[in-house]
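Secondary and tertiary structure notes
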Amino acid sequence: FLAKLLLQLGFKPRVVGLTVFFIIFGTNLFYYTIYEPSMSHVYSFCSISVFLFYARKALLTSNTRAVLLASFSLGLTALIRPVNGIVLLGVPVVVGGLVETLTGIESLFHKKKVLFTGALVAVLVMSLQPLVYLIQTGKPFVWSYQEEGFNFLSPEFANVLFSYRKGLFIYCPVLMLAVVGIIRGASVRKPGKLEAGVFLLLISWVIASWWMWFYGGCYGHRAFIEFYPFFALGLAYIFSH
């Protein structure tokens, strides 16, 4: 689905192949697929890739099937890891900008039944966890992390990105190329590139605000894995030039 998304965005097949290769083998995605599949990140990577592909199609074409599949994959993304619901704010990146996104949303409001059904699908999927909690504890919402939480006023940006203790760019240096691609794309006003930079700053802030910024025992910084599709855009831009 990541390859299909990149092709849809106009990148050449050889560029897409190279990008997907580096996302798999140049990061810790391969490790979490093979050695630690019990962690949620590889599944979130999948659901987000599916969501971005169908969200783009839904907003640009108002296709009913695309709307429903985007809604399902968004619900699944939030069900797997609730904080990843933030990916909704990254939709302008793949649609081509904020204006195009708002135009697509406006078009969907003319298909109210489809929009309502899509919202219902997303809510039903996300309600599976509250249902399990309700059956187990009698309460629909349980904060399973107990005393753990976010420190949004004191994010550990430098450590999360550059520390030898799981720093993103230390363990996955190829992603620095992706950031260069995003910055370069924004500087020449490529559609969606500026939004990509803003969105990656946002998710970095959220990830860096978790009380245990290194996220326990792991290979590299695992919390970024699900958002590699956004880094892939920058990589594809670099490989194209």
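Right above here is the structure, for reference.
Residues numbered from 1 in each chain as written. Predicted model: local features only at pLDDT ≥ 70, side-chain atom pairs only at ≥ 80, totals over all residues. Heavy atoms only, no water.

1. Side note on the overall build of the protein chain
- A tally of helices and strands in the protein chain yields 14 helices and zero strands.
- Secondary structure elements of the protein chain occur, N-terminal to C-terminal, as α-α-α-α-α-α-α-α-α-α-α-α-α-α.
- On C-alpha atoms alone, the protein chain measures out to a radius of gyration of 18 Å, which is about the 18 Å that the 2.2 N^0.38 rule sets for 241 residues.
- Along the longest, intermediate and shortest principal axes, the C-alpha atoms of the protein chain span 50 × 45 × 35 Å.
- Taking all 241 residues of the protein chain together, the buried fraction comes to 45%.
- Within the protein chain, residue pairs in contact and separated by at least 24 positions form 74% of the contacts whose partners lie at least 6 positions apart.
- In the form shown here, the protein chain has an accessible surface area of approximately 12,600 Å², with 69% of it arising from carbon and sulfur atoms.
- Side-chain charges of the protein chain comprise 18 positive and 8 negative groups, with the mean position of each set lying 13 Å from the other. (Helix = DSSP H or I, 4+ residues; strand = E, 2+ residues; numbered from the N terminus. Rg over C-alpha atoms; globule rule 2.2 N^0.38 Å. Buried < 20%, exposed > 50% of the residue type's maximum accessible area, 1.4 Å probe, protein only. Contact = heavy atoms within 4.5 Å. Areas by Shrake-Rupley, 256 points an atom, 1.4 Å probe, with all protein chains shown as cover. Lys, Arg positive; Asp, Glu negative; His and termini not counted. Charge placed at Lys NZ, Arg CZ, Asp CG, Glu CD.)

2. Some details on unusual backbone geometry
- With phi around 55 degrees, Gln146 is a residue other than glycine that occupies positive phi space.
- Of note, Gln146 is situated in the loop between α9 (128–137) and α10 (157–162).
- Owing to a relative accessible area of 58%, Gln146 belongs among the exposed residues under this scheme.
- Phi at Tyr215 takes a positive value of approximately 55 degrees, unusual for a residue other than glycine.
- Positionally, Tyr215 belongs in the loop between α13 (193–208) and α14 (228–240).

3. Re the pattern of salt bridges
- The tally for this structure, following the rule as stated, stands at one salt bridge.
- Across the salt bridge formed by Glu226 and Arg81, the nearest N and O atoms sit 3.1 Å from each other. Here Glu226, found in the loop between α13 and α14, pairs with Arg81, found in the loop between α5 (64–80) and α6 (91–95); they are 145 residues apart in sequence, far enough to count as distant. As far as burial versus exposure is concerned, Glu226 and Arg81 are alike and both buried. (Salt bridge = Lys/Arg side-chain N within 4 Å of Asp/Glu carboxyl O.)

4. Quick notes on the side chain of Ser47
- Locating Ser47 in the fold gives a position in helix α4 (residues 41–61).
- Here Ser47 falls in the buried class, since its relative accessible area comes to 3%.

5. A word on α13
- Its 16 residues place the ends of α13 22 Å apart at the C-alpha level, agreeing with the 22 Å of an ideal helix rising 1.5 Å per residue.
- In the core, the buried residues of α13 are packed alongside α6, α10, α12 (174–187) and α14. (Expected span 1.5 Å × (residues − 1).)

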